[in-house]
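# Chain and residue survey
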Amino acid sequence: MAGERILLTGASGFIAKHIALQLLQAGYRVRGTVRSPQKGEALRQTLARAGADVARLEIAEADLLRDEGWEAAARGCDVVCHTASPFPARQSKDKWALVPVAKGGTLRVVDAAIKAKVQRFVMTSSVVAVYYGHGADHPPVYGEDDWSNVGAADISDYAVSKTEAEAAAWGAADAASLPMVTINPSFVAGPLLDADAGTSATLIGMMMTGKLPAVPNVSFGIVDVRDVAKAHVAALTAAEAPGRRFIVSAGSLTMIEIGQAVAAAVPECRKRVPRFTVPDFVVRLAAKVVPEARAAVPELGRQKTLLTKPAETILGFTPGHTREAVAETALSLRDHGWLRRDPQIG
Ligand code: NDP
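Residues numbered from 1 in each chain as written. Predicted model: local features only at pLDDT ≥ 70, side-chain atom pairs only at ≥ 80, totals over all residues. Heavy atoms only, no water.

### What about the pattern of salt bridges?
What counts is decided by this rule: For salt bridges, the criterion is a side-chain nitrogen of Lys or Arg within 4 Å of an Asp or Glu carboxyl oxygen. Going along the chain from the N terminus, every DSSP run of H or I of four or more residues is numbered as a helix, and every run of E of two or more is numbered as a strand. For every residue, the accessible area obtained with a 1.4 Å probe (protein chains only) is divided by the maximum for its type, and the residue is called buried under 20%, exposed over 50%, and partly exposed between those limits.
Throughout the structure, instances matching the rule amount to 20 salt bridges. In this structure, K309 engages E312 in a salt bridge whose closest nitrogen and oxygen atoms are separated by 3.1 Å. On the criterion of helical spacing, the pair formed by K309 and E312 is a turn pair, its members being 3 residues apart in helix α11 (residues 309–315). R334 is the partner of D335 in a salt bridge, and the nearest nitrogen-oxygen pair spans 3.2 Å. With relative accessibility at 31%, the residue R334 sits in the partly exposed group. Salt bridges sharing partners connect three or more residues here, namely R5, R31 and E58.

### Description of the sheet that holds strand β4 (residues 79–82)
The cut-off we apply is this: When DSSP finds two or more bridges between a pair of strands, those strands are recorded as paired. To define axes, lines are fitted to C-alpha atoms, for helices over the stretch in contact only, and angles between the resulting N-to-C directions are given on a 0 to 180 degree scale. We call two residues in contact whenever any of their non-hydrogen atoms come within 4.5 Å of each other.
What the 7 strands build is an open sheet, ordered β3-β2-β1-β4-β5-β7-β11; its pairing is parallel. Each having just a single partner strand, β3 (57–61) and β11 (245–248) make up the two edges of the open sheet. Direction aside, the axes of adjacent strands within the sheet are offset by 20° on average. Here 5 bridges tie strand β2 (residues 29–34) to β3, and the two strands are oriented parallel to one another. In the strand pairing of β3, G32 is matched with I59. Along the sheet face, helix α2 (residues 37–49) touches β2 and β3 and points at about 160° away from the line of β3.

### As for the UniProt feature "domain: NAD-dependent epimerase/dehydratase" (unreviewed entry) in the protein
The condition is simple: UniProt positions are given in the numbering used here, feature names are shortened, and annotations may be inferred rather than shown by experiment.
Mapped onto the present numbering, the UniProt feature "domain: NAD-dependent epimerase/dehydratase" (unreviewed entry) falls at residues 6–245. Between the C-alpha atoms that bound residues 6–245 the distance is 20 Å, and the span itself is 37% helix and 19% strand.

### With respect to the packing of aromatic side chains
The test is simple: Stacked, edge-to-face and tilted are the three classes for Phe, Tyr and Trp ring pairs, Trp counted by its six-membered ring, which pair at centre distances within 6.5 Å; planes under 30 degrees apart are stacked, over 60 edge-to-face, the rest tilted.
Counting across every chain of the model gives 4 aromatic pairs. Consider the rings of F87 and Y158, whose centres lie 4.4 Å apart with planes at 15°: the pair is stacked. Remark: Y158 occurs in helix α5 (residues 157–175) and F87 occurs in the loop between β4 and α4 (99–115); sequence separation between them is 71 residues. Residue classification places F87 among the partly exposed positions, given a relative accessible area of 38%. Their ring planes at 45° and their centres at 5.3 Å tell us that Y131 and Y132 sit as a pair that is tilted.

### A look at α5
Note the cut-off: Multiplying 1.5 Å by the residue count of a helix minus one yields the expected span of that helix.
Relative to the 27 Å expected for 19 residues at 1.5 Å per residue, α5 spans 27 Å between its end C-alpha atoms, a close match to the ideal helical length. Backbone geometry just downstream of α5 places S177 in the positive-phi region, at approximately 55°.

### Considerations on the packing of helix α6 (residues 198–208) against helix α8 (residues 255–265)
Rule in force here: With respect to orientation, any angle under 35 degrees is reported as roughly parallel, any angle over 145 as roughly antiparallel, any angle of 65 to 115 as roughly perpendicular, and every other angle as oblique. Here the term charged refers only to Asp, Glu, Lys and Arg, the term nonpolar to Ala, Val, Leu, Ile, Met, Phe, Trp, Tyr, Cys and Pro, and the term polar to all other amino acids, Gly among them.
It is the contact of α6 with α8, at a shortest axis distance of 10 Å, that shows an interaxial angle of 75°. Regarding the angle of α6 to α8, the classification is roughly perpendicular. Counting all contacts with α6, which are made through I204, M207 and M208, the residues of α8 involved are M255, I258, G259 and V262. The class makeup of the residues in the contact of α6 with α8 is 6 nonpolar, 1 polar and no charged.

### Quick word on empty space enclosed by the protein
Put simply, the test is: Using a grid of 1 Å spacing that covers the protein atoms alone, one calls a set of points a cavity when a 1.4 Å probe fits there but cannot get out, and a pocket when the set is open and has protein on both sides within 12 Å along at least five of seven lines; lining residues are those with an atom within 4 Å of a point. Grid points are joined across faces, edges and corners, and a volume is the space filled by probe spheres set on the points.
One pass over the full model with this rule turns up 1 cavity of 30 Å³ or more. For the largest cavity, the calculated volume is near 30 Å³. Lining of the largest cavity is provided by H82, T83, A84, S85, T106, M123, T124, K162 and A165. Listing elements by their share of the lining of the largest cavity, those giving two or more residues are β5 (120–124) and α5.

See the structure below:
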């Protein structure tokens, strides 16, 4: 309800800035957590530039790795919207590497939410907590009852961290009868609110500057950041939302198709986007020595259907257009000077 105070963790993130903007536009008060005063000031300026009434924005400092700050941040809030989590661009060899921060941090936030007696806990999880590590006998259709298998040999550190954090949150919230909802987006694209790109937009930026001339034969779901933010805002109040995991995705593109959408939006990049698909056997060989290639192996040639009907009926999610979302990211990156990092373009 308008006027209520929402604790938004990781408010400096790509997705969270859109959530904050929509919350402020809907009349909520927002208390956003950041890791430094500089990030807080940058957030305030970004949201003001986007037209939000930042008089209803408060900034709190807290780090997922530390206890300090979370209880004070949650005090007086009506709902918690927890987006903060590490999302590194490079994969670690240790698949458990991100768990202490993602799971430990999430448990700190749930604990603070319980102590503050908030009405609801909304968490940004991911489709990577849904569809990894299932056996070959699992049909290629994934819904909210599916959980990634963290025991799988080829699962990424990021997927393990999201799965473990989400599972831990459900356990703690259920034990305290705290109503909880998760939003599980696929790869998030769309416009940036400022030059701080985040990992998913950075991947598109790498395609724009020729850092990914050849790509594996993998495809993944894509969703517009504005639709992801809308789903979070709806999840704060939708009566039938608690207890549910909502997958949000607009459809799939291969990496080559993502490059084509980038080139169509920003023609000066057309010679830089990926134009070659690396043969599957080469990816499998490379995975033996290159950690980054390992995550691609189980995805080679794999088509997945992600069930988004519950998000459509309960949260009013409308799957947008994948190519347009990618194009908007590319245009935003260009407008925020990304191409100036590569003097050969232009
Ligand atoms: P960003 O990297 O832009 O945002 C991540 C946020 O988490 C930042 O605010 C970051 O703070 C914060 N954070 C990271 N580590 C810590 C920490 N130790 N303590 C406190 N805060 C921390 O990524 P996105 O906006 O893309 O991701 C937001 C959420 O959405 C994450 O939970 C991610 O897993 C999930 N998600 C993202 C998808 C995508 O394609 N983008 C797809 C599916 C899920 P700081 O700014 O200081 O680094």
